[in-house]
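# Fold and contact review
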Amino acid sequence: MIVGLGKIGSLYAECYGQAGHRIGTVDIGNGADWDRVARVPDPSGIDAWVVATPTATHLSVVDEILRHQPDARILLEKPACYPDELDGLDRTVRRNPRARILVNDVYSHSEAVRRFATSVRQLGEFDPIRKITVEFTKNRELDIANGRFVDTRYGEAGYEGFHMLSILRSVLPADQYRTYLRTIPSSVTAEMRVRTSVAGLPDIELYTSSTGAIAYPGLAGFAFPEAVSRNYLTPAVIPYGSEFRYRFADVELRSGQHVTLVFEPFYGAEPDHKNIHAVHVRGTAPARHFLVAVNHFKEALLTQLNLLQHLGEGTSLVRPAEHRFLAALGSAMFTGTFPQTTENEKFARIGSET
Ligand SMILES: NC(=O)c1ccc[n+]([C@@H]2O[C@H](COP(=O)([O-])OP(=O)(O)OC[C@H]3O[C@@H](n4cnc5c(N)ncnc54)[C@H](O)[C@@H]3O)[C@@H](O)[C@H]2O)c1
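Residues numbered from 1 in each chain as written. Predicted model: local features only at pLDDT ≥ 70, side-chain atom pairs only at ≥ 80, totals over all residues. Heavy atoms only, no water.

Spatial strand order, E7-E8-E9-E6-E10-E11-E12-E13: eight strands in an open sheet with mixed pairing. Each end of this open sheet is capped by a strand with a single partner; those strands are strand E7 (187-188) and strand E13 (288-293). Across six bridges, strand E11 (residues 258-263) lies against strand E12 (residues 276-282) in antiparallel orientation. Pairing of Thr260 across the sheet is with His280, part of E12. Where helix H6 (residues 157-171) meets the sheet, its contacts fall on strand E6 (129-138), strand E9 (203-209), strand E10 (245-253) and E11, and the angle it forms with E6 comes to roughly 155 degrees. (Pairing = 2+ DSSP bridges. Helix = DSSP H or I, 4+ residues; strand = E, 2+ residues; numbered from the N terminus. Contact = heavy atoms within 4.5 Å. Axes fitted to C-alpha atoms, helices over the stretch in contact; angles between N-to-C directions.)

The structure is reproduced here in structure tokens:
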């Protein structure tokens, strides 16, 4: 049952419909089978729910589903909820010990990310990681003018932050990743450049811009066609209305080698460019690269539905520490200071539940 049949909910409907699943839909607007969860006949018989309503409604929709089906299997869009509702979500999970809730995490189920992480792990065994840079840049000003990608709580961190953290989680050892989420970054700037430099972790930089300002054309620009270099990478700006997305993750090893995951490098040169990604290993002779052809949004939706079907009662994965980390970044961008004491105590308290 898909609750919220907007932009994202429609993608779920298409993906699960194509995979042969029987789908029902709930939306307060027109075009769905029912206008609210309470009107779904026999809700206790639903195999799995998707919640793709606006973030502000997630908690109340999840509560409503669980009132009708306490052991529901729910795939919840990200962010799971707004930062000040995380304790409420925690209470919901505790009050419903048989529920199974997964927060959609596309990049941790992406074959392209897996291929990248494998290369990093293999090389990193003998050649430690010196720096990790992840950039997700797109010009979203047209979307914003149309009311999409307007997050007043997580701010810029709410759009791509979860995806960038998923990629970081795939290459850092688990203990280092927990440390990262608890570490106050050295700096956080308005377009969202988050630099962290601390003993025990490689240097880490996450960068995202929704005004199209490219930060690191040199780190992944080599992978794109000449026209992309000329139009976007050399000027280092993606213009208003352009669909081009500059997204990569680069791991620099101590020897100077780079392992770089580049999303959609065939933009403008290949009709199916959205579903082709590349992992490049450079600085070795000869340089190597792998192509991964996959629609990772669909791949992740199918994998997570399957995961949800096999999760034992009371297993939920909502990643509160990541939500708190990104909320703190959002707050740093709004106020100019990273929340020090209370948030950090929280980080320490919940550090094990990334
Ligand atoms: N995973 C990703 O990469 C990704 C990308 C964009 C958005 N999102 C998330 O997906 C969610 C939905 O975003 P969207 O862009 O599809 O929004 P949208 O506005 O296009 O769609 C939301 C739909 O929910 C319906 N709705 C609102 N309240 C409802 C309720 N109480 N019950 C039933 N239906 C209700 C609306 O009528 C609308 O059709 C958000 O949480 C957003 O953060 C995730």
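Moving on, we get to the domain arrangement of the protein. Once the domains are mapped, the protein shows domain 1 (2-104 + 311-320) and domain 2 (107-296). On a C-alpha basis, the centroid separation for the pair domain 1 and domain 2 is 29 Å. Opposite the nine residues of domain 1 that make contact, domain 2 presents nine residues. If you look at where domain 1 meets domain 2, you find one salt bridge. Counting across the domain 1 and domain 2 interface gives four residue pairs in polar contact (both at pLDDT 80 or more). (Domains from an automatic or database assignment. Salt bridge = Lys/Arg side-chain N within 4 Å of Asp/Glu carboxyl O. Polar contact = N/O pair within 3.5 Å; in protein donor to acceptor, adjacent residues only side chain to side chain.)

Right, let's talk about the sheet that holds strand E1 (residues 2-3) for a bit. Across the sheet, which stays open at both edges, the six strands sit in the order E2-E1-E3-E4-E5-E14 with parallel pairing between neighbours. Each having just a single partner strand, strand E2 (25-26) and strand E14 (316-317) make up the two edges of the open sheet. Sheet topology places strand E4 (residues 73-76) next to strand E5 (residues 100-103); four bridges connect them, and they run parallel. Considered in E5, the bridge of Arg73 is made with Arg100. Along the sheet, helix H10 (residues 296-310) contacts E4 and E5; its crossing angle with E4, the most-contacted strand, is approximately 150 degrees.

Attention now moves to helix H7 (residues 174-182). Within the sequence span of H7, burial applies to Tyr177, Tyr180 and Leu181. Projected down its long axis, H7 shows its buried positions confined to an angular sector of 95 degrees, all on one face. (Buried < 20%, exposed > 50% of the residue type's maximum accessible area, 1.4 Å probe, protein only. Arc of directions from axis to C-beta.)

Taken together, 21 residues are adjacent to the ligand, and Lys7, Ile8, Asp27, Thr55 and Arg148 come closest. Here an oxygen atom of the ligand sits 2.8 Å away from a polar atom, N or O, in the main chain of Ile8. Here the ligand, which alone exposes 860 Å², has 75% of that area covered by the protein. Elements that contribute at least two residues to the shell around the ligand include exactly helix H1 (7-18) and helix H2 (58-68). Each residue belonging to the shell around the ligand can be placed in one class, and the counts come to eight nonpolar, eight polar and five charged. (Near = heavy atom within 4 Å. Areas by Shrake-Rupley, 256 points an atom, 1.4 Å probe, with all protein chains shown as cover. Nonpolar A, V, L, I, M, F, W, Y, C, P; charged D, E, K, R; others polar.)

Below, the discussion takes up the confidence of the model for the protein. The predicted model of the protein averages 90 in pLDDT, with 94% of residues at 70 or higher. A low-confidence stretch, residues 341-354 stays under pLDDT 50, and its non-local contacts, those more than four residues away or across chains, total 28 contacts. (pLDDT = per-residue confidence, 0-100.)

Most of E10 sits out of view: eight of its nine residues are buried. As paired elements, E10 and E11 share five bridges and run antiparallel to each other. The residue of E11 that forms the bridge with Asp250 is Thr260. What sits between the antiparallel neighbours E10 and E11 is a turn of four residues, in which Gly256 has the positive phi angle 100 degrees.

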